[in-house]
Amino acid sequence: MRKRAGQVFALLDKVVEALPVPSTHRELLQVQLGVGKERAEAWPEMSVIQLPLLVHTAVSGDERPALPVAAACTLLYLGADLLDSTLDHELSPSWHTHDSAEVNLAATTLLAALPQLSIAILRESGTPPARLWALSYLFADTVLELNAGQHEDLLFPNRENVSVEDSLAMVKRKSGAPYALFARVGAVLATEDSFTIEAYAAFGSCFGIAKQLINDAWDIWGEDESQDLLNGKRTLPIVHALSVLRGEQREQLQNLLAVARESAEHHDELRSRLAAAGSVRYTALMVWLYQQRARRHLRAASPQEPAGRELRMLLDRASLLPQPEEARLWPDQT
Amino acid sequence: MAQQEGYERGRETEQFRRDTALRSLDILSIKGGQLSAYDDQSLRGTTTTLDPTSWDYGFALSPKEVEDVKDFMEKSASLSDEEFVRHIRGTLELERRW
């Protein structure tokens, strides 16, 4: 997996180096490329790199032709991550010396221009224009859905009642859509069989939703200070608790959510209330359901081995359910 | 082989009849029955409404998904909320990433 990450970032270096832009703009883009490389170094399993390559291999037996689409997916991710980090006040330290206008420009170039330029590399290997257009369209369609999801995520803190259904629909747009793209483009490049393409896209969507819910759970319970609570986000665990609590308990939770935006002082109390409402277990169940769905879609796609096994391994890790051996260790640690 | 398995996009939910899904939810809400060990209010959020929107997002469980829920309940029945939280804190910092 590390080798694949290295190959994708080597191609991205070439793409950015060849851009006909002033060196100042190129250097701006390289800041975010550097952020991505650091993450890939720490976590080569990055879905944005692995899914397009593994799906292409699972269909055709060869991953190399898919490098430009994996690079395009990575560019989309880097742009979306930059926007998301800006919205959530979580910018990487590498960006701290740049003003917000520069950050926005870099995100726009990464999201709107560079994926298409990376796809254009496929012309060199004889990919027909119709397929290039189809790939390009998929990226445009995904950015549209992703940004609509981000917008909802941004608006939810100011809405009086956000339902569990609203929350999951937002997650499907914000994270299901890009993951569906990562898997779909690998398949589109390898086959014209719509049955196979749709199976991989559905696998990607369910996988992406599971990953986002894991991210939401980690943000609340993974660290002492929750950025989502500080930002007033209405992620699934919070929406679930608000939907099941009634009367005074619900009012108390709403008051706690309000003060949690001011400081992390009450985050522990809030976490306890969420757990008491069954929200950690409910989120784990939702992750489980989407993981099982993804598993069935992947099975239906009949992936070639060993790529299929690697895809299943990535999916197996997308769970909030402690493994039995992990659970057995805990009593001794406490 | 894929065709043999009868795969169609979204067949896990979209193509099941809503009344079948409602019956599935009824099964899940039975108290004192097979699922009583998991009557932890966690599913209450799934039973309040069942409109066409929720149909798309997993609240109308197919019979197969009811089995998935039972499987989850069996696997998690002996786990406390604290154990879920320890798992999240201990192992998922990198898994949460794209």
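From a predicted model like this one, the values you see are computed outputs, not experimental measurements. (Residues numbered from 1 in each chain as written. Chains lettered and ligands numbered in written order. Predicted model: local features only at pLDDT ≥ 70, side-chain atom pairs only at ≥ 80, totals over all residues.)

A short note on the overall build of chain A
The following threshold applies: A run of DSSP states H or I qualifies as a helix once it reaches four residues; a run of E qualifies as a strand once it reaches two. Both are numbered from the N-terminal end. When we talk radius of gyration, it's over C-alpha atoms, and the globule rule is simply 2.2 Å times the number of residues to the 0.38. It is the C-beta atoms, placed from the backbone, that decide contacts: two residues are in contact if theirs lie within 7 Å.
Across its full length, chain A carries 15 helices and zero strands. Taken over C-alpha atoms, the radius of gyration comes to 21 Å for chain A, in line with the 20 Å a tight globule of 334 residues would show. Viewed in the frame of its principal axes, chain A has a C-alpha envelope of about 65 × 45 × 40 Å. Look at the contacts in chain A between residues 6 or more apart in sequence, and 74% of them connect residues 24 or more apart.

Side note on unusual backbone geometry
Residue and element names in this part refer to chain A. Just so we agree on the cut-off: Put plainly, a residue is buried at 20 or more neighbouring C-beta atoms within 10 Å of its own, exposed at 12 or fewer, and partly exposed in between, counting only other residues' C-beta atoms, which are placed from the backbone.
Along the chain, E305 connects to P306 via a cis peptide bond; the corresponding omega equals 10 degrees. For S302, which is not a glycine, the phi torsion comes out positive at approximately 50 degrees. With respect to the element layout, S302 can be found in the loop between helix 13 (279–300) and helix 14 (307–316). We classify S302 as partly exposed; it has 18 C-beta atoms within 10 Å.

Quick notes on the confidence of the model for chain A
All names here are of chain A. To be explicit about the condition: The predictor attaches a confidence to each residue, called pLDDT, with possible values from 0 through 100.
With 97% of its residues at a pLDDT of 70 or more, chain A has an overall mean of 91. The lowest-confidence element of chain A is helix 15 (residues 324–333), averaging 47 in pLDDT; the highest-confidence one is helix 3 (residues 47–60), averaging 97. Below a pLDDT of 50 lies the segment residues 327–334, which in the model reaches five contacts outside its immediate sequence neighbourhood of four places, other chains included.

Let's talk about the environment of N255 of chain A
Residues and elements named next belong to chain A. Here N255 shows up in helix 11 (residues 247–260). Taking the C-beta count within 10 Å as the criterion, N255 has 11 such neighbours and is therefore assigned exposed. When the C-alpha positions of N255 and L270 are compared, they lie 9.9 Å apart, and in sequence the two are 15 residues distant.

Concerning helix 13 of chain A
Counted only if it meets this: A helix's residues, less one, multiplied by 1.5 Å, set its expected span.
Between its terminal C-alpha atoms helix 13 of chain A stretches 32 Å, which fits the 32 Å expected from 22 residues at 1.5 Å a residue. Of all 22 residues making up helix 13 of chain A, 20 are buried, and the element is well covered by its neighbours.

Observations regarding the nonpolar core
Generally speaking, soluble globular proteins have nonpolar side chains that are buried together. Residue and element names in this part refer to chain A. What counts here: Nonpolar core, as used here: buried Ala, Val, Leu, Ile, Met, Phe, Trp, Tyr and Cys residues forming one set through C-beta atoms within 7 Å.
Core analysis: the biggest nonpolar cluster contains 114 residues, and C73, A183, F203, A210 and V287 have the highest contact counts within it. Sorting elements by how many residues they give to this core places helix 8 (residues 194–221) first, with 16 residues. Residues contacting A210, with those up to four places away along its chain left out, are V287, Y290, Q291, A294 and A318.

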